[in-house]
Every structure is written in C-alpha cells, then in structure tokens.
Amino acid sequence: MDRVSAFDEPLKKLLGGPTAKVMAEHLDLHTVGDLLHHYPRRYEERGRLTALTDLPLDEHVTVVAQVADARVLTFNGGRGKRLEVTLTDGHGRLQLVFFGHGVHKPHKDLLPGRRAMFAGKVSVFNRKMQLAHPTYQLLDAADTDEASEAVDAFAGKLLPIYPACKQLDSWRIAKAVDAVLPSAQEAVDPLPEALREGRGFTSLPEALLKIHRPATKADVAAARDRLKWDEAFVLQVALARRRYADTQLPAVARRPAPGGLLDAFDAKLPFTLTDGQQKVSKEIFDDLATEHPMHRLLQGEVGSGKTMVALRAMLAVVDAGGQAAMLAPTEVLAQQHHRSITEMMGELAEGGMLGGSDQGTKVVLLTGSMGTAARRQALLDLVTGEAGVVIGTHALIEDKVKFHDLGLVVVDEQHRFGVEQRDALRSKANSQGEKRSPHLLVMTATPIPRTVAMTVFGDLETSVLDQLPAGRSPIASHVVPAKDKPHFLSRAWERVREEVENGHQAYVVCPRIGDDEDDPGKKKGKKKTAEEEATADKRPPLAVLEIAEQLAKGPLNGLRVEVLHGRMQPDDKDDVMRRFAAGDVDVLVATTVIEVGVNVPNATAMVIMDADRFGVSQLHQLRGRVGRGSAPGLCLLVTEAHEASPARARLGAVAATLDGFELSRIDLEQRREGDVLGQAQSGVRSSLRVLNVIDDEEVIAAARQEAVAVVAADPELEHLPELRTALDALLDKEREEYLDKG
C-alpha cells in the first residue's frame with residue numbers, strides 16, 4: 001500500500017457506513033489518519049474509580065464507577081417509570097436517571113456492587129449532579145460477550161478515555177481505533193532525521209501505538225513528548241515559510257518627513273506618550289522604513305492607547321506620500337474611530353478645506369450605509385489621493401474602491417475579519433500597476449499570552465502595550481449570584497441609581513436583542529416530558545428589549561433608559577451613541593456592540609446580565625468601557641450559574657484581576673482542546689491534539705527555532721519530502737491559501 005494512502009483511507013471502508021457517518025458528523029473524523037490522531041483525553045487504570053466530585057458541569061464525560069444503589073420510581077399516577085441509580089467512587093456520589101421503556105435493561109444490569117464505564121453529559125437537577133440516560137459498559141460481568149471483550153481488550157492495562165460525543169461513546173471509539181491501528185506502521189515521519197535523533201525521540205509509528213495502547217504511564221509520556229513536537233514543529237514550519245515569503249515581497253519604504261504632518265500632530269498633543277507607546281511606535285516606524293511589508297501585531301490592554309499608536313503610524317505614511325486605511329469590524333466602531341481621530345487631529349484632519357492646516361490631510365469615512373452623494377465624494381477623495389486617511393468597514397473592500405497609493409492597512413480586532421477580506425484590501429496597493437504590498441498593522445484588544453501569539457500569530461512580529469496611560473481609574477468587579485441571592489441584584493440596581501445621581505452614566509449589557517424572532521427558547525404548545533425536564537437546557541439568554549422595559553418600569557424608573565443593538569438603523573445607532581456621549585442618556589441597555597472602542601469617560605458603572613454566557617476576553621473587553629475617566633469604575637457580573645460550575649469559576653477569575661494577559665491564560669486553560677487554533681482565530685486547522693499552548697511554552701519556542709533554521713536552509717523543503725507531506729496535511733488547499741494571504 002502507498003505510504004500516504006494508508007492514512008488517507010476513508011473510515012467507511014474499515015468501520016462501515018453508520019459508524020463512519022457519526023464520526024464524520026460529530027467528531028470531524030473522516031480518514032484513518034484523522035482517527036489515529038484522535039488521541040485519548042486521559043487514561044483510567046483498571047480497578048481504580050474516577051473521582052466523581054471533580055466532574056465538570058455541561059460536559060460529556062466518561063467515568064469508571066461502582067453502583068451503590070438502584071431503584072425504580074413511578075410518577076404520573078403509575079403511568080411513568082424512572083430508574084434512579086447512585087454511583088460511588090468511595091467518596092463522592094453521582095446520580096444516573098433512566099426513563100420510560102429505557103429502564104428495563106439498566107435495571108437488570110446495574111446491580112449494587114457492579115463496576116462499569118458510564119458516558120453522558122453532566123447536569124444538575126434538584127441541586128444534585130446527574131447523568132440522564134447515560135450509555136454504559138459493564139467491566140466485571142464476564143457473563144456478557146461485550147463485557148468479556150472489554151475485559152480482554154484492557155486486562156491489566158490503562159483504559160484510554162477518548163474525546164467522545166452523545167452518539168458514540170469512548171469505548172466504541174477505542175474499538176474503532178483497534179481496527180485502524182495496524183495502519184500506524186505506515187505513518188510518514190515529518191521530523192528531519194537529524195532533529196529526531198538529536199532530541200532522542202521515539203519513531204512516529206511507535207508513538208501512535210503507545211498513545212492509543214500504552215502498557216505504562218511512561219509509554220504515554222514518551223508518546224506525548226514526541227507527538228507534541230510533531231504538532232509544534234509542523235505548525236512553526238508553516239509560519240516560518242510565511243514569514244520568509246513575506247521578506248521576499250516588495251513594498252515602498254515609508255519614512256515620515258521632518259517637520260511634516262506627524263511632527264505637527266505630536267506638537268499639539270495635550271499629553272506625553274507613555275514609554276510603552278514610544279517603544280512600540282519606534283518598532284513600527286523601523287518596519288515602515290524597510291522595503292518589504294511590515295506584518296506586525298499590536299496587542300495591548302483595554303485602554304492602553306493602541307489607537308493613538310496606530311494613528312501616528314498612519315500619519316507617518318501620509319507624511320511619506322502614501323495613504324492609510326483603517327478597517328473596523330462594525331459601523332458603530334468605524335464611526336467612533338472616525339470621530340475620535342478627527343477630534344484628535346483637529347484642523348490637521350481638514351487638509352485642503354477652508355480653515356484646515358497646510359500640513360493637514362483629509363480623513364474620510366466609508367461605510368455601507370452612507371448616502372450616495374457622501375459615498376461618491378469619499379471614493380473620489382481616495383482615488384485622487386486627496387484623502388490621506390480612510391476609516392471604514394467591509395465597504396472599503398468592494399471592487400469600486402480605488403486608492404491613489406495605499407501604503408498602510410490597519411486592521412482593528414483581527415478576529416472579526418476573514419483573511420480574504422484583508423487580502424482584498426492588500427491587493428488594492430497594486431492599483432499603480434506595480435505589484436507591491438502595503439504595510440500591515442493588526443490591532444487586537446484581547447491580550448494574548450506569548451506562546452499563543454507565537455502559535456496563532458506566528459507570522460506577525462508582535463508589539464505589546466502593557467502600560468495604562470496616566471489618569472485611568474481602577475475598576476472594581478463583583479459577581480452577583482442572582483438566583484442564590486436575589487437581594488444582591490436589587491442592590492446592583494440601587495448602585496446604578498447612585499452612580500446616576502452622582503452625575504455619571506451606566507451600561508447594562510445583555511447577550512440577546514430580544515423579541516420572538518430570535519428566541520430559541522420558545523417552542524409553542526409542547527409540554528415537556530419528565531426526561532426533558534430533568535435534562536432541560538437553560539432558559540434563553542436575557543434580551544436587551546425586555547430588560548430595558550423592565551428596568552424603565554421598575555428599579556430604574558424615572559431614569560433616561562435607551563437601547564442600542566445591531567438591528568437598529570445605523571443613523572439611529574449613531575444618534576443614541578451621540579446622546580449617550582453627550583450625557584443625555586443615563587443608562588444604555590445594549591448588546592456587545594459596545595464591546596470595542598466605545599469611549600464615554602462619564603460612564604462609570606456596567607451591569608452584565610447572564611455574564612456566564614460571555615467568554616472571559618469578551619467580559620474583559622466590555623468591562624474596559626467603564627473607568628475611562630477620573631471616577632472609579634464598577635462592573636457587576638450577574639449570573640444564575642451554579643456555584644460549583646466552571647462558568648462561576650470563570651466569572652470569579654474575571655472579578656479577581658484586571659490583568660488581560662492573566663485572564664487570557666485562564667481563558668485558554670478553561671477551553672477544550674482544539675479551540676485555541678480554531679479556524680476563526682488562525683485559519684490553521686485546529687490541529688493541536690496533545691500540544692497545550694499554555695503549558696508547552698518551551699516546546700513551542702524550541703520548535704520555532706528549529707523551524708526557522710530548516711526554512712532558511714531549504715525554503716521549498718525540497719530535501720524534506722516527508723515534512724512537505726505533513727505540511728500539506730495540515731494546510732489543505734484552503735488553509736494554504738489562508739496562510740499565503742495572511
């Protein structure tokens with residue numbers, strides 16, 4: 001069999017249609033190679049029980065436990081039956097519940113004293129942890145064929161527990177792995193021989209065998225060390241090749257003219273730049289002065305002054321005769337940037353206009369909802385070069401937008417943009433007929449740990465702003481457990497009133513806009529079964545429209561309460577934001593449209609409803625909207641999440657620190673495997689199975705060093721065909737293009 005094709009074999013051939021279909025649909029596993037790289041999450045030792053007290057809520061788990069008790073209960077006047085089974089690990093307890101016709105077999109199988117593997121989703125019902133309708137496999141009842149097979153397969157060994165799903169439990173995945181394991185011998189080894197021998201790694205076929213069927217814990221450790229390196233090295237080679245290719249592209253060096261626009265702008269600044277801003281500006285200006293395109297990531301704390309740094313870079317490019325474009329993810333944010341940049345620049349933003357400065361330039365806004373006349377004028381200003389700075393949304397990318405000489409693209413909040421869009425904007429620098437790339441500055445307001453930056457943004461040089469400008473106020477954050485302590489929520493609304501009475505303003509943030517059309521929780525006319533009640537999902541998230549109405553009629557009666565959300569007309573949104581900024585609105589009830597860039601120094605309080613429905617970095621972003629003036633900020637995280645749940649732990653972490661870098665580490669530690677390099681964040685397939693970007697900093701740094709050396713010596717990898725093959729597997733056509741486009 002061809003060395004490559006063994007791994008490319010579709011699973012359907014070896015496992016049969018139904019199993020292969022479930023694997024493809026629910027676990028994204030399609031080929032033998034995919035399944036061989038679906039590694040166990042952990043291992044249980046035969047005879048040892050899983051600690052039941054540490055189970056994570058709302059996650060699909062597999063546990064080995066002993067039956068303590070089983071009883072059938074009736075309800076609905078004897079018409080309905082429910083089997084309740086209590087499991088024990090000797091310390092904690094876990095309840096299983098089965099309903100209706102599904103109670104007979106488990107009632108017969110799950111006798112007190114029996115051991116089995118159980119798989120299901122952990123939920124809380126009547127304040128007790130439970131699994132509803134779990135699947136199970138007996139481990140010590142050798143009278144059943146299946147059980148004796150399970151015992152034979154893992155007798156005296158470590159039981160691999162695989163990432164599983166409701167439709168396919170861990171032990172069925174283990175059985176499927178057995179069927180494809182012989183193909184591990186065909187594995188193509190991506191590590192160059194010198195590297196493999198120099199670091200004393202086991203061979204790839206052996207590593208695959210040991211990770212799936214280890215005899216000892218030392219086997220697992222050796223396999224993981226080897227497989228971590230594969231993942232880190234192949235990914236770093238992909239990124240090193242990207243960086244190398246970038247250095248081969250031509251760009252125009254942009255050096256600011258002395259005594260020009262940048263100097264005039266700096267002279268009128270009412271404050272001095274922080275040391276951090278000066279250091280980062282120097283890194284950017286050094287890049288802009290070279291003849292290949294800058295690719296730089298500018299990351300920093302909420303409110304650390306990234307916009308100021310980006311604006312100075314844009315002005316430097318205008319000084320050097322080019323144009324600069326800033327791409328914002330939403331209209332609200334584009335308008336906000338345009339407003340704050342024109343305010344900061346004053347008469348320098350009115351180049352060519354009456355009363356404008358001779359050194360000035362024109363700053364134009366381009367969004368999809370602009371009127372025809374304004375839009376036509378903006379397009380004209382871009383093509384003639386009259387406008388040195390343009391701020392816009394996706395509207396900037398349309399075919400009809402032409403630049404005179406695009407020298408710099410600043411992308412705000414990179415994770416909101418597809419690479420295709422960045423690429424389309426970059427191609428506009430070629431409108432002079434010459435093929436050249438603009439310089440690129442990507443800003444992200446979510447601080448990223450160094451390891452993640454090296455992995456996710458490994459093709460970008462990184463600048464970090466970790467100093468807050470003088471005059472920013474501290475923000476106190478508290479978790480408000482609305483379900484356990486309703487009086488805490490009442491107190492929260494009193495605090496909002498107090499802030500308003502002291503002349504300040506407040507935000508109330510909700511996860512949803514509201515009204516029936518986007519309410520997934522309203523299923524008309526259908527009564528829930530007992531099983532559905534026991535496993536009922538949470539209520540739908542709280543909505544802006546409903547909360548605003550309740551507050552205006554209830555606890556915030558008499559205050560000026562307004563709403564802001566994404567379905568409003570752009571003019572209406574802008575009007576509300578202007579009135580809020582002017583102090584004509586006391587409380588703004590909004591969705592996350594206010595997450596980035598909205599700057600109202602007089603807003604001091606924020607109440608986030610259903611805070612557990614937001615991610616850690618999103619909460620940090622939102623919180624950064626208060627405390628922007630001289631008065632201290634207050635952020636209240638309202639939740640109904642159970643005290644023992646991961647969601648509550650997450651909120652506690654957010655309340656405990658204002659350090660965005662620390663929070664991003666916590667965020668990553670809490671995410672499931674594979675999310676870190678999700679398509680949305682990096683465009684590289686979520687290929688991390690054993691590499692942990694938080695814990696494996698040394699591996700990533702070492703792999704990056706090796707990768708740079710390999711690519712410098714052989715950019716096309718002509719002498720490393722196995723590495724090339726592994727790269728092709730990581731970067732299929734679509735992802736290769738993604739990386740090429742940057």
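Residues numbered from 1 in each chain as written. Predicted model: local features only at pLDDT ≥ 70, side-chain atom pairs only at ≥ 80, totals over all residues. Heavy atoms only, no water.

A.B. asks: Explain helix H26 (residues 697-713) here, please?
C.D. replies: At 3.6 residues per turn, the α-helix brings residues three or four places apart onto the same side. Look at H26: 25 Å from first C-alpha to last across 17 residues, which is about the 24 Å you get at 1.5 Å a residue. Three or more residues of H26 are buried, namely Val 699, Ile 700, Ala 702, Ala 703, Ala 707, Val 710 and Val 711. What you see down the axis of H26 is that its buried residues fit within an arc of 165°, all on one side. Every exposed residue of H26 that faces more than 90 degrees away from the buried side is listed here: Glu 698, Gln 705, Ala 712 and Ala 713. (Helix = DSSP H or I, 4+ residues; strand = E, 2+ residues; numbered from the N terminus. Expected span 1.5 Å × (residues − 1). Buried < 20%, exposed > 50% of the residue type's maximum accessible area, 1.4 Å probe, protein only. Arc of directions from axis to C-beta.)

A.B. asks: Sorry, what's going on with the pairing of strand E21 (residues 633-639) here?
C.D. replies: Consecutive side chains along a regular strand alternate between the two faces of the sheet. In terms of burial, E21 is a largely internal element, seven of the seven residues being buried. Residues of E21 alternate between two faces, with Gly 633, Cys 635, Leu 637 and Thr 639 on one and Leu 634, Leu 636 and Val 638 on the opposite face, all of them buried. One ladder, built from four bridges, connects strand E20 (residues 603-608) with E21; its direction is parallel. Within E21, the residue paired with Ile 608 across the bridge is Leu 637. A crossover connection joins E20 to the parallel E21 through helix H22 (residues 616-623); in handedness this β-α-β unit is right-handed. (Pairing = 2+ DSSP bridges. Right-handed = clockwise from strand over helix to strand, strands pointing away.)

A.B. asks: For this particular structure, what's the right way to read the sheet that holds strand E12 (residues 387-392)?
C.D. replies: In spatial order, the strands read E11-E12-E10-E13-E14-E9-E15; together these seven strands make up an open sheet with parallel pairing. Among the strands making up the open sheet, the edge pair consists of strand E11 (362-366) and strand E15 (461-465). Going from strand to strand, the sheet's axes swing by 20° on average, the running direction of each strand aside. As judged from the five bridges shared by strand E10 (residues 323-327) and strand E13 (residues 406-412), these two strands associate in the parallel manner. Paired with Met 326 across the two strands is Val 410, which belongs to E13. Running at roughly 160° to E15, helix H12 (residues 275-288) makes contact with strand E9 (295-300), E13, strand E14 (439-444) and E15 of the sheet. The strands that helix H15 (residues 372-384) touches are E10, E11 and E12; relative to E11, the one it contacts most, it runs at about 130°. (Axes fitted to C-alpha atoms, helices over the stretch in contact; angles between N-to-C directions. Contact = heavy atoms within 4.5 Å.)

A.B. asks: Looking at this structure, how should I read the sheet that holds strand E19 (residues 587-590)?
C.D. replies: Think of a sheet as strands paired side by side through backbone hydrogen bonds, with each pair either parallel or antiparallel. Taken together, the six strands give an open sheet; going across it, the order is E16-E21-E20-E17-E19-E18, and neighbouring strands pair in parallel fashion. Each of the sheet's edge strands pairs with one partner strand only, and the pair in question is strand E16 (475-481) and strand E18 (561-564). Adjacent strand axes in the sheet meet at a mean angle of 20°, parallel and antiparallel pairs treated alike. Sheet strands in contact with helix H21 (residues 570-581) are strand E17 (505-509), E18, E19 and E20, and its direction is about 135° off that of E18.

A.B. asks: It is not clear to me how helix H20 (residues 544-553) should be interpreted in this structure. Could you clarify?
C.D. replies: For H20, the set of buried residues is Val 544, Ile 547, Ala 548 and Leu 551. An end-on view of H20 places all buried positions within 100° of arc, on one side of the element. Facing away from the buried surface of H20 by more than 90 degrees, the exposed residues are Gln 550 and Lys 553. Buried residues along H20 sit against helix H18 (486-501), E17, E18 and E19.

None of the figures reported here should be taken as evidence of function without further support.
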